[in-house]
Amino acid sequence: QIGARVVKVESLARPDGATGRGRQMEHFDVLVVGAGLSGIGAAVHLQRRCPDRSFALLEARDRLGGTWDLFRYPGVRSDSDMYTLGYAFKPWEQPKAIADGPAILQYIRDTAREHDVERHIRYGLQVRHASWSTADARWTVQAVRAGSGDIVQFSCNFLFMCSGYYRYDAGHLPQFEGSERFRGRMVHPQHWPQDLDYSGQRVVIIGSGATAVTLLPAM
(Lines give C-alpha, C1' and ligand atoms only; values in the text may rest on other atoms or scores of the structure.)
Protein backbone atom coordinates (compact mmCIF):
# COMPACT_ATOMS: atom_id res chain seq x y z
CA GLN A 1 0.00 0.00 0.00
CA ILE A 2 1.06 3.65 -0.13
CA GLY A 3 4.57 4.00 1.30
CA ALA A 4 4.24 0.88 3.42
CA ARG A 5 6.99 -1.52 4.38
CA VAL A 6 6.15 -5.18 4.96
CA VAL A 7 7.61 -7.27 7.77
CA LYS A 8 7.06 -10.97 8.51
CA VAL A 9 4.98 -11.95 11.51
CA GLU A 10 5.08 -15.52 12.78
CA SER A 11 1.56 -15.82 14.08
CA LEU A 12 -1.58 -13.77 14.06
CA ALA A 13 -4.19 -14.50 16.70
CA ARG A 14 -7.89 -14.57 15.91
CA PRO A 15 -10.67 -13.88 18.43
CA ASP A 16 -11.52 -17.60 18.37
CA GLY A 17 -7.96 -18.54 19.36
CA ALA A 18 -6.87 -19.76 15.94
CA THR A 19 -3.73 -18.35 14.33
CA GLY A 20 -2.66 -17.70 10.79
CA ARG A 21 0.95 -18.63 10.01
CA GLY A 22 3.14 -16.66 7.68
CA ARG A 23 0.84 -13.68 7.24
CA GLN A 24 2.34 -10.29 6.50
CA MET A 25 2.28 -7.25 8.79
CA GLU A 26 2.55 -3.80 7.22
CA HIS A 27 4.73 -1.18 8.81
CA PHE A 28 4.12 2.56 8.62
CA ASP A 29 6.02 5.45 10.11
CA VAL A 30 2.69 6.78 11.44
CA LEU A 31 -0.71 5.17 12.01
CA VAL A 32 -3.68 7.47 12.49
CA VAL A 33 -6.72 5.95 14.22
CA GLY A 34 -9.91 7.53 12.93
CA ALA A 35 -10.91 9.32 9.73
CA GLY A 36 -13.07 12.08 11.14
CA LEU A 37 -12.33 15.81 11.41
CA SER A 38 -9.15 15.22 13.43
CA GLY A 39 -7.89 12.23 11.46
CA ILE A 40 -8.27 13.91 8.07
CA GLY A 41 -6.54 17.01 9.45
CA ALA A 42 -3.68 14.89 10.81
CA ALA A 43 -3.25 13.21 7.43
CA VAL A 44 -3.01 16.52 5.60
CA HIS A 45 -0.43 17.84 8.07
CA LEU A 46 1.61 14.65 7.69
CA GLN A 47 1.61 14.97 3.91
CA ARG A 48 2.61 18.63 4.04
CA ARG A 49 5.18 18.57 6.83
CA CYS A 50 6.56 15.03 6.64
CA PRO A 51 6.39 14.06 2.96
CA ASP A 52 9.05 11.38 3.43
CA ARG A 53 7.03 9.52 6.09
CA SER A 54 4.61 6.68 5.31
CA PHE A 55 1.22 6.66 7.03
CA ALA A 56 -2.24 5.12 6.99
CA LEU A 57 -5.57 5.88 8.63
CA LEU A 58 -7.53 3.04 10.24
CA GLU A 59 -11.27 3.72 10.25
CA ALA A 60 -13.74 1.34 11.94
CA ARG A 61 -16.68 2.42 9.81
CA ASP A 62 -17.08 2.28 6.03
CA ARG A 63 -17.16 6.04 5.53
CA LEU A 64 -15.03 8.99 6.56
CA GLY A 65 -16.40 11.89 8.61
CA GLY A 66 -16.53 10.42 12.11
CA THR A 67 -19.03 12.22 14.34
CA TRP A 68 -20.38 14.26 11.44
CA ASP A 69 -21.23 11.18 9.41
CA LEU A 70 -22.59 9.17 12.37
CA PHE A 71 -25.03 11.68 13.88
CA ARG A 72 -28.10 12.28 11.71
CA TYR A 73 -30.69 13.59 14.18
CA PRO A 74 -32.70 16.71 13.22
CA GLY A 75 -30.74 19.94 13.68
CA VAL A 76 -27.36 18.31 14.40
CA ARG A 77 -24.71 21.02 14.42
CA SER A 78 -21.43 22.07 15.97
CA ASP A 79 -21.32 23.64 19.44
CA SER A 80 -18.09 25.49 18.49
CA ASP A 81 -17.66 28.03 15.73
CA MET A 82 -16.10 26.54 12.62
CA TYR A 83 -13.74 29.48 12.13
CA THR A 84 -11.71 28.12 15.06
CA LEU A 85 -12.72 24.43 14.85
CA GLY A 86 -11.87 24.23 11.15
CA TYR A 87 -8.48 23.69 9.55
CA ALA A 88 -5.88 26.46 9.40
CA PHE A 89 -4.86 25.24 5.93
CA LYS A 90 -8.50 25.35 4.72
CA PRO A 91 -10.30 28.17 6.53
CA TRP A 92 -14.05 27.89 6.97
CA GLU A 93 -15.60 30.29 4.46
CA GLN A 94 -19.32 29.79 4.94
CA PRO A 95 -21.26 32.59 6.65
CA LYS A 96 -22.77 30.32 9.32
CA ALA A 97 -20.11 29.86 12.03
CA ILE A 98 -22.15 27.41 14.15
CA ALA A 99 -22.52 25.06 11.22
CA ASP A 100 -24.93 22.17 10.72
CA GLY A 101 -23.74 18.57 10.52
CA PRO A 102 -24.14 18.06 6.75
CA ALA A 103 -22.09 21.20 6.03
CA ILE A 104 -19.27 20.03 8.31
CA LEU A 105 -19.32 16.56 6.75
CA GLN A 106 -19.03 18.08 3.28
CA TYR A 107 -16.13 20.23 4.51
CA ILE A 108 -14.29 17.09 5.69
CA ARG A 109 -15.02 15.25 2.43
CA ASP A 110 -13.84 18.22 0.36
CA THR A 111 -10.62 18.40 2.38
CA ALA A 112 -9.92 14.69 1.94
CA ARG A 113 -10.55 14.94 -1.80
CA GLU A 114 -8.53 18.11 -2.37
CA HIS A 115 -5.51 16.68 -0.55
CA ASP A 116 -5.87 13.13 -1.91
CA VAL A 117 -6.11 11.66 1.59
CA GLU A 118 -8.73 8.95 1.09
CA ARG A 119 -6.27 6.60 -0.64
CA HIS A 120 -4.52 6.28 2.73
CA ILE A 121 -7.68 5.18 4.61
CA ARG A 122 -8.28 1.53 5.52
CA TYR A 123 -12.02 1.23 6.12
CA GLY A 124 -13.72 -1.41 8.25
CA LEU A 125 -10.81 -1.85 10.69
CA GLN A 126 -11.59 -1.27 14.35
CA VAL A 127 -8.48 -0.91 16.49
CA ARG A 128 -8.72 -3.11 19.58
CA HIS A 129 -5.20 -3.29 20.99
CA ALA A 130 -1.86 -1.51 20.77
CA SER A 131 1.40 -2.49 22.47
CA TRP A 132 4.72 -0.65 22.57
CA SER A 133 8.12 -2.32 22.34
CA THR A 134 10.96 -0.25 23.75
CA ALA A 135 13.52 -2.67 22.32
CA ASP A 136 12.13 -2.31 18.78
CA ALA A 137 10.99 1.31 19.22
CA ARG A 138 7.67 0.56 17.56
CA TRP A 139 4.00 -0.07 18.17
CA THR A 140 2.14 -3.22 17.23
CA VAL A 141 -1.51 -2.46 16.53
CA GLN A 142 -4.30 -5.03 16.26
CA ALA A 143 -7.53 -4.24 14.45
CA VAL A 144 -10.64 -6.31 13.79
CA ARG A 145 -11.95 -6.39 10.23
CA ALA A 146 -15.67 -5.66 9.96
CA GLY A 147 -17.74 -8.55 8.67
CA SER A 148 -15.15 -11.33 8.88
CA GLY A 149 -13.85 -10.68 12.41
CA ASP A 150 -10.31 -11.32 11.21
CA ILE A 151 -7.48 -9.76 13.16
CA VAL A 152 -5.19 -7.50 11.12
CA GLN A 153 -1.87 -6.35 12.55
CA PHE A 154 0.20 -3.29 11.73
CA SER A 155 3.37 -1.84 13.18
CA CYS A 156 4.34 1.81 13.36
CA ASN A 157 6.81 4.18 14.98
CA PHE A 158 4.18 6.75 15.96
CA LEU A 159 0.55 6.08 16.88
CA PHE A 160 -1.75 9.07 16.44
CA MET A 161 -5.14 8.65 18.17
CA CYS A 162 -7.89 10.66 16.45
CA SER A 163 -10.73 8.39 17.52
CA GLY A 164 -12.87 10.82 19.50
CA TYR A 165 -14.64 9.96 22.74
CA TYR A 166 -17.92 8.37 21.61
CA ARG A 167 -18.76 4.70 21.56
CA TYR A 168 -19.85 4.42 17.97
CA ASP A 169 -21.67 1.10 18.38
CA ALA A 170 -24.11 2.43 20.99
CA GLY A 171 -24.73 5.68 22.83
CA HIS A 172 -25.18 5.93 26.59
CA LEU A 173 -28.65 4.81 27.65
CA PRO A 174 -29.48 4.63 31.39
CA GLN A 175 -31.76 1.90 32.67
CA PHE A 176 -35.21 3.38 33.27
CA GLU A 177 -37.42 1.26 35.50
CA GLY A 178 -40.51 0.13 33.62
CA SER A 179 -39.17 1.01 30.17
CA GLU A 180 -39.90 -2.54 29.01
CA ARG A 181 -43.62 -1.79 29.51
CA PHE A 182 -43.52 1.42 27.48
CA ARG A 183 -45.66 0.99 24.37
CA GLY A 184 -44.17 3.86 22.40
CA ARG A 185 -40.89 4.05 20.52
CA MET A 186 -37.65 4.87 22.29
CA VAL A 187 -34.97 6.48 20.13
CA HIS A 188 -31.38 7.42 20.88
CA PRO A 189 -30.19 10.41 18.81
CA GLN A 190 -26.85 8.75 18.11
CA HIS A 191 -28.68 6.24 15.91
CA TRP A 192 -31.58 8.31 14.64
CA PRO A 193 -33.87 6.21 12.37
CA GLN A 194 -34.25 7.83 8.97
CA ASP A 195 -37.84 6.55 8.76
CA LEU A 196 -38.93 8.08 12.07
CA ASP A 197 -42.18 10.04 11.68
CA TYR A 198 -42.93 11.99 14.85
CA SER A 199 -45.60 14.27 13.35
CA GLY A 200 -48.67 14.42 15.57
CA GLN A 201 -46.92 12.45 18.30
CA ARG A 202 -46.39 13.34 21.95
CA VAL A 203 -42.63 13.33 22.44
CA VAL A 204 -40.55 13.50 25.62
CA ILE A 205 -36.88 14.47 25.32
CA ILE A 206 -34.74 13.25 28.21
CA GLY A 207 -31.77 15.50 28.91
CA SER A 208 -31.08 19.22 28.57
CA GLY A 209 -27.59 19.32 27.08
CA ALA A 210 -26.35 20.41 23.67
CA THR A 211 -28.14 17.58 21.83
CA ALA A 212 -31.48 18.32 23.46
CA VAL A 213 -31.40 22.08 22.85
CA THR A 214 -30.45 21.41 19.23
CA LEU A 215 -32.98 18.62 18.65
CA LEU A 216 -36.04 20.29 20.21
CA PRO A 217 -36.24 23.41 18.00
CA ALA A 218 -35.55 21.34 14.87
CA MET A 219 -38.35 18.93 15.73
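Located above this text is the structure these notes cover.
None of these values were measured; they are calculated from a predicted model.

Draft legend 1. Spatial organisation of the pattern of salt bridges. Tallying each qualifying case throughout the model produces 11 salt bridges. Between R72 and D69 there is a salt bridge; the shortest N-O distance is 3.0 Å. Across the pair R113 and D110 runs a salt bridge whose closest N-O atoms are separated by 3.0 Å. Note that R113 and D110 are positioned in helix α4 (residues 101-114) at a spacing of 3 residues, about one turn of the helix.

Draft legend 2. Quick look at the environment of D81. Within the secondary structure, D81 is located in the loop between α2 (67-70) and α3 (82-85). Once residues within four sequence positions are removed from consideration, D81 is found in contact with A97 and I98. For D81, the side chain forms a polar contact with the main-chain nitrogen of Y83, separated by 3.1 Å. A distance of 2.9 Å separates a polar atom in the side chain of D81 from a polar atom in the side chain of T84.

Draft legend 3. Representation of the pairing of strand β5 (residues 55-59) within the structure. Taken across its 5 residues, β5 has 5 buried, putting it largely inside the fold. In β5, alternate side chains face the same way, and those of F55, L57 and E59 on one face and A56 and L58 on the other are all buried.

Parameters at a glance
- Residues numbered from 1 in each chain as written.
- Predicted model: local features only at pLDDT ≥ 70, side-chain atom pairs only at ≥ 80, totals over all residues.
- Heavy atoms only, no water.
- Salt bridge = Lys/Arg side-chain N within 4 Å of Asp/Glu carboxyl O.
- Helix = DSSP H or I, 4+ residues; strand = E, 2+ residues; numbered from the N terminus.
- Contact = heavy atoms within 4.5 Å.
- Polar contact = N/O pair within 3.5 Å; in protein donor to acceptor, adjacent residues only side chain to side chain.
- Buried < 20%, exposed > 50% of the residue type's maximum accessible area, 1.4 Å probe, protein only.

Structural measurements only, silent on function.
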